[in-house]
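Residue-level listing of the chains:
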2 protein chains.
Amino acid sequence: MNWQQRAYCGELDSAQVGQTVQLFGWVDAVRDHGHLLFIHLRDVSGIVQVVFHPEAPFYAQARQLRSEFVVSIVGEVKTRAADTVNPHLNTGTLEIEAKSLEILNQAQTPPFEVSEKGFSGEVLPFKVDEDTRLTYRYLDLRRPSMQRHLVERSALLKIVRDYLSEARFIEVETPVLTKSTPEGARDYLVPSRVHAGHFYALPQSPQLFKQLLMVGGLDRYFQIVKCFRDEDLRPNRQPEFTQVDLEASFIDETFIYSLLEGLIHRLFAHTGVTHLPATFPHITYDESMSKYGNDRPDLRFGWELVEVTDVFKDTSYKIFRMILETGGMIKGMNLKGQAAKLSKNILQEELAKGLIPKLGGKGMTWMKVENGQLDSNIVQFFSEAEKAALLSRMGAEEGDVLIFVADQDRALVHSILGQFRVIMAQRCEIIPENTFAPCWVVDFPLFENSAHGLGAVHHPFTQPQGDITGLDREALLTQKARAYDLVINGEEVGGGSIRIHSWTQQEQIFQALGYTQAQIEERFGFFVRALKYGTPPHGGLALGVDRLVGMLLGVASIREVIAFPKNRMAYCPLTESPSPVSSEQLNDLHIRVTEL
Amino acid sequence: MNWQQRAYCGELDSAQVGQTVQLFGWVDAVRDHGHLLFIHLRDVSGIVQVVFHPEAPFYAQARQLRSEFVVSIVGEVKTRAADTVNPHLNTGTLEIEAKSLEILNQAQTPPFEVSEKGFSGEVLPFKVDEDTRLTYRYLDLRRPSMQRHLVERSALLKIVRDYLSEARFIEVETPVLTKSTPEGARDYLVPSRVHAGHFYALPQSPQLFKQLLMVGGLDRYFQIVKCFRDEDLRPNRQPEFTQVDLEASFIDETFIYSLLEGLIHRLFAHTGVTHLPATFPHITYDESMSKYGNDRPDLRFGWELVEVTDVFKDTSYKIFRMILETGGMIKGMNLKGQAAKLSKNILQEELAKGLIPKLGGKGMTWMKVENGQLDSNIVQFFSEAEKAALLSRMGAEEGDVLIFVADQDRALVHSILGQFRVIMAQRCEIIPENTFAPCWVVDFPLFENSAHGLGAVHHPFTQPQGDITGLDREALLTQKARAYDLVINGEEVGGGSIRIHSWTQQEQIFQALGYTQAQIEERFGFFVRALKYGTPPHGGLALGVDRLVGMLLGVASIREVIAFPKNRMAYCPLTESPSPVSSEQLNDLHIRVTEL
């Protein structure tokens, strides 16, 4: 292998014209003119055209080349004639005149086309079902677009590491074989062979270990780390996923904001995006719920939720009256300027009767603003005063569409409208392309109601904003946490908190969550103990790598930026995993499979 | 938290004298002079002395400070009087005059001393059993030496990543939840909840995935990755370990040698070691076995094994004659100049009757060269010609000790002498300190005899040096592999090979290993299929990170360079893992524990 002299196909440039180069790669496409043979030669860097002349002693061999054959070619870099330049290739003004050819390996006809561009630069269609792609992932990965995803993922993670190193973070590996957490229902377990009947668990996150590193004085820690969650199947989830996990001591929220804003800027700048705000806006959890219906607001467009409960407090419209009499709320939004796109039929049949029930709603009220008037199937039930107040409250103008959802369940109103807002914005194509709108969601509640009492909204290691000593359940539910989420374009990219560093406060939280002293000791004894030996104030955050990289590269599914993902069934069609194993293996591990 | 203004204790220097600095850290030690209070303040960067004057309003509070309290101190950098300079601290010419003090957290008395240096710079003894250290790992990690290990590990791995990135390698993550391999006896298994009765396995290495990345055209891959092996307990093994895994296409052995030599140079240069040879010597497997008794030669010292079978071919010494008559061998080594250290009593009682049987040997013959003569308890059985030949063959001189082992089992002779050589070199203290002697061990055999037929010496994806078509078992056993190990100071730091890229050759290997066509399909079907679609020539290597970092930092145990290792029993005393889990968890996973 003459690797020392190697040139890369996609990096050849006109300065090299006249030089002889050594290329290695795959035959992307062949065009046999009879008197001349052309191939597109592909390697990880790109494609270059190679021409074989019939007088070459290896011409007969060249004519045997087929797609995906692996070759070594030595050739001279030449300028193409002006009329044969291919503007769709980086190297389109050049071609390689082959001086030697060695076929390093042959290839059977692939189950799908690897080549993404034809000889004229035309984009070749690619319609292959995902399980076929995953079964032949090694061929799927040979496609230039997939190679770009992995190359860029690597480059982006290098930027993360360089950036955090510059900020004095050190990378520390935490265990993969660790302890099952008490809320371990979603833990993957690993039976131990040498400790019969005992199990390791794969970490859902390195939360406790990174806090222990802070207790251990390591000051600033990060890790790009695999985490595991045995969740029910969902289309865009993977049983194993990667996060940038970080934690720092002697800091507060402002450190995390400033650190992450710098990192996000650098990552986006790498992909050519430079319009992000210098500092990211903050939005409280309450405001986000109120205006956007959820805690991951998409700020690329308006369509904020507006409450109109008071407008209808004396309404004669029966449905609204009934809901308001039982303490319900009415909220809506102005689909600005969408009247032309959304016919009454769409509004009534597709949305009010179709989409809204799918989102869990009972119904939707809609009005168009046309000819200076509110127009809908129910507007006749509203008083003039109500209509005027609605127009004013909603900032409604000619061509707008107003929609409203009313329900006793305020959380349901927000949930429906939050989803509706995003779905309709996509449908109406009002979301600007290549635009990124980051924000920090802050002031999360500390606790939420759960089946067994109070539950932690984030996790039980999150520091309260105030002192919770002696608070009752109702008061605890009003407490805010020192937690923050980084949200970009409606996706939660990361989240974290300032942690509890006082062991007495940590015990208060566990008690508020309903743990007895014995349960605290059994479940978190080692951790509470650690807090007693001089724990510094500390906090941190975790970023979802798969989702963030997917967003940076503009792909729809995280599986596009993972080399060997599981499919939607948490199954790997390539290796056929998970799989049955031998009874000897199970015997060794002291377990057996129960009757299925 | 005034993190923006923070200074680091260990980085203060005389240029800052007169400045006011904000410090955060732990109280390393307290010295209360009554009229003056001193503390050593410690953070991740080091230690600085802080002085509290009695007129300070916080003096009373300062007197409450105890070891491991967490504090925030603002103070002025001052020069110490010449007679109070502490030459054992980086910051020993300085002290901080405290202007404010905030106790951020208190600490109970730790179970062992965290401080490693007293006020006079004296090194404090540290004798704590390892399970206590691991139970309180967060305190153990606060010790400056342990912090250095983790900080340097992070720095060294950053060097690896930077180096490989410069060499066009991209980092790709391969799955942790993958398929159990057929030789899966040492696989950790992970039961699937959503696929009842099916199991993932944790990877022993990403071997097949990295080869599939080469099939996928990614050209040069690396990953710093956790691997897992459920081995029987051994003192210096961990169930999970980290390796630098790499693979490249269109390369040969020379690429790997040159790449790794550059990397090893850079890593050692970081630790101040610059004496490594520009290129590392190569030694064949056969030569290494013959001269050093194993395939990981420690080249820091001589004491090569020398065969003397022929010297005794007509001997009248009965023990040798019997062994030689049954086809045995006699080999020895010259413990150069060790006669003074090794008395006859040591040679006979401790070594011949003690150590050698422990190493599996039946006996050892020894001679000292004293007063120009061979002197031992059996030398009277040797002829003058034999003695003269021995002296000459062994290069023996006054003051040397010659030892010999004879056995029918040639492998046993090598095994005994190989271990004996290293143990005795340590005992005789002939190994130069801070010296590193790397080499490449090459020309490994492809196959070895195993219980069921032939076994692969490395793994079945290693390329033979020649064509193995049609070879019988005996001929196969003589074949060499395109495999290489990187050995430094007698430790295997890494190993790899040029892989098979021809699917027909891959099938030949599987057949030679005794697999039927059905077994090949069942176990490796997907992989052999991948090889058929245009696989480039490729090869790679894996480096053991824990061992290499341990060597670079000069520590005895890999547990010194792992943040949260398991103990010698594959158990974590900190989190008490592995542990029993609830029957609900097992039910969810469709498994139960068998009777123990």
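Check the entry above for the structure.
Notes on the structure in this doc start here. (Residues numbered from 1 in each chain as written. Chains lettered and ligands numbered in written order. Predicted model: local features only at pLDDT ≥ 70, side-chain atom pairs only at ≥ 80, totals over all residues. Heavy atoms only, no water.)

### Considerations on helix H5 (residues 207-215) of chain A
Residues three or four positions apart in an α-helix share a direction because the helix packs 3.6 residues into each turn. Residue and element names in this part refer to chain A. Burial analysis of H5 places nine of its nine residues in the buried class, which makes it a mostly covered element. Gln207, Leu208, Phe209, Lys210, Gln211, Leu212, Leu213, Met214 and Val215 are the residues of H5 that are buried. Where H5 ends, the next residue or the one after it, Gly217, has phi of about 80°, a positive value. (Buried < 20%, exposed > 50% of the residue type's maximum accessible area, 1.4 Å probe, protein only. Helix = DSSP H or I, 4+ residues; strand = E, 2+ residues; numbered from the N terminus.)

### What to know about the pairing of strand E14 (residues 365-370) of chain B
Residue and element names in this part refer to chain B. The buried count for E14 comes to five of six residues, which makes it a mostly enclosed element. Inspection of the sheet shows E14 paired to strand E16 (residues 401-407) by four bridges, in the antiparallel sense. Counterpart to Met367 in the pairing with E16 is Leu402. Inspection of the sheet shows E14 paired to strand E15 (residues 373-375) by three bridges, in the antiparallel sense. Each bridged residue has a counterpart across the sheet, and for Val369 the counterpart in E15 is Leu374. Counting the residues that bridge the hairpin from E14 to E15 gives two residues, and of these Asn371 lies at a positive phi of roughly 55°. (Pairing = 2+ DSSP bridges.)

### Quick word on the packing of helix H4 (residues 144-166) of chain A against helix H6 (residues 253-270) of chain A
Residues and elements named next belong to chain A. In the contact formed by H4 and H6, the axes pass within 10 Å of each other and the chain directions differ by 145°. In the crossing of H4 with H6, the sense of the turn from one axis to the other is right-handed. Between H4, through Glu152, Ala155, Leu156, Ile159, Val160, Tyr163, Leu164 and Glu166, and H6, the contact on the second element is made entirely by Ser258, Leu259, Gly262, Leu263, Arg266, Leu267 and His270. (Axes fitted to C-alpha atoms, helices over the stretch in contact; angles between N-to-C directions. Left-handed = near helix turned anticlockwise from the far one by under 90°. Contact = heavy atoms within 4.5 Å.)

### A word on the interface of chain A and chain B
Of the residues lining the interface, 125 residues belong to chain A; the matching set on chain B comes to 125 residues. For the chain A and chain B pair, buried surface summed over both sides reaches about 11100 Å², with 61% attributable to carbon and sulfur atoms. When the buried surface of chain A facing chain B is broken down by residue, A:Trp3, A:Phe250 and A:Tyr533 rank first, second and third, together holding 8% of it. Viewed at the interface, chain B and chain A are joined by 14 salt bridges. (Buried area = accessible area lost by both parts, 1.4 Å probe. Salt bridge = Lys/Arg side-chain N within 4 Å of Asp/Glu carboxyl O.)

### Regarding the pattern of salt bridges
By the definition in use, this model includes 95 salt bridges over all chains. A salt bridge links A:Glu171 to B:Arg161, with the nearest nitrogen and oxygen atoms 3.4 Å apart. Of this pair, A:Glu171 sits in strand E6 (residues 170-171) while B:Arg161 sits in helix H4 (residues 144-166), on two different chains. Neither residue differs from the other here; A:Glu171 and B:Arg161 are each classed as buried. The salt bridge partner of B:Glu166 is B:Arg266, with a shortest N-O separation of 2.9 Å. A residue pair is termed long-range when its members are at least 10 positions apart, and B:Glu166 in helix H4 and B:Arg266 in helix H6 (residues 253-270) qualify at 100 residues. Overall, B:Glu166 belongs to the exposed group, its relative accessible area being 54%. The exposure class assigned to B:Arg266 is partly exposed, which follows from its relative accessible area of 33%.

### Remarks on the sheet that holds E16(B)
Residues and elements named next belong to chain B. One open sheet accounts for five strands, arranged E12-E13-E16-E14-E15; its pairing is antiparallel. Two strands close off the open sheet at either side, each with one partner strand: strand E12 (306-307) and E15. Across seven bridges, the pairing between strand E13 (residues 329-335) and E16 is antiparallel. For Lys331, the partnering residue across the bridge sits in E16 and is Val405. Lying over the sheet, helix H9 (residues 344-358) contacts E14, E15 and E16, oriented at roughly 155° with respect to E14.

### Looking at the side chain of B:Thr242
The residue B:Thr242 is located in strand E10 (residues 240-249) in this model. Judged by its relative accessible area of 2%, B:Thr242 is buried. Here the side chain of B:Thr242 touches A:Glu173 through a polar contact of 2.5 Å, side chain to side chain. A distance of 3.5 Å separates a polar atom in the side chain of B:Thr242 from a polar atom in the side chain of B:Arg153. Those residues within four positions of B:Thr242 in sequence are excluded, and the remaining contacts are A:Glu173, B:Arg153, B:Ile224, B:Val225, B:Lys226, B:Leu543, B:Gly544, B:Val545 and B:Asp546. (Polar contact = N/O pair within 3.5 Å; in protein donor to acceptor, adjacent residues only side chain to side chain.)

### What about the relation of the copies chain A and chain B?
If you rotate chain A by 180° and push it 0.0 Å along the axis, it lands on chain B with an RMSD of 0.1 Å. Both copies of the chain, as the preceding transformation shows, are related through a two-fold rotation axis. A symmetric contact is evident, with 100% of the interface residues of chain A recurring at the interface of chain B. (Least-squares fit on C-alpha atoms with pLDDT ≥ 70 in both.)

### Description of the pairing of strand E3 (residues 46-52) of chain B
Residues and elements named next belong to chain B. Burial runs high along E3: six of the seven residues are buried. Bridge analysis of strand E2 (residues 37-43) against E3 gives seven bridges, and the strand direction is antiparallel. Across the sheet, the residue bridging to Leu41 is Val48, located in E3. From the end of E2 to the start of E3, which pair antiparallel, there are two residues. Relative to strand E5 (residues 94-105), E3 runs parallel, the two sharing two bridges. Bridge assignment links Val50 to a residue of E5, and that residue is Ile96.

### Considering a nonpolar patch on the surface
A grouping of A:Val194, B:Leu233 and B:Met569 is seen on the molecular surface, where their side chains present a nonpolar patch of about 220 Å² in accessible area. Its place among the elements puts B:Leu233 in the loop between strand E9 (220-228) and E10. Its relative accessible area of 33% is what places B:Leu233 among the partly exposed residues. (Patch = residues over 30% accessible without salt bridge, like charges linked within 9 Å, V, L, I, M, F, W, Y side chains within 5 Å. Areas by Shrake-Rupley, 256 points an atom, 1.4 Å probe, with all protein chains shown as cover.)

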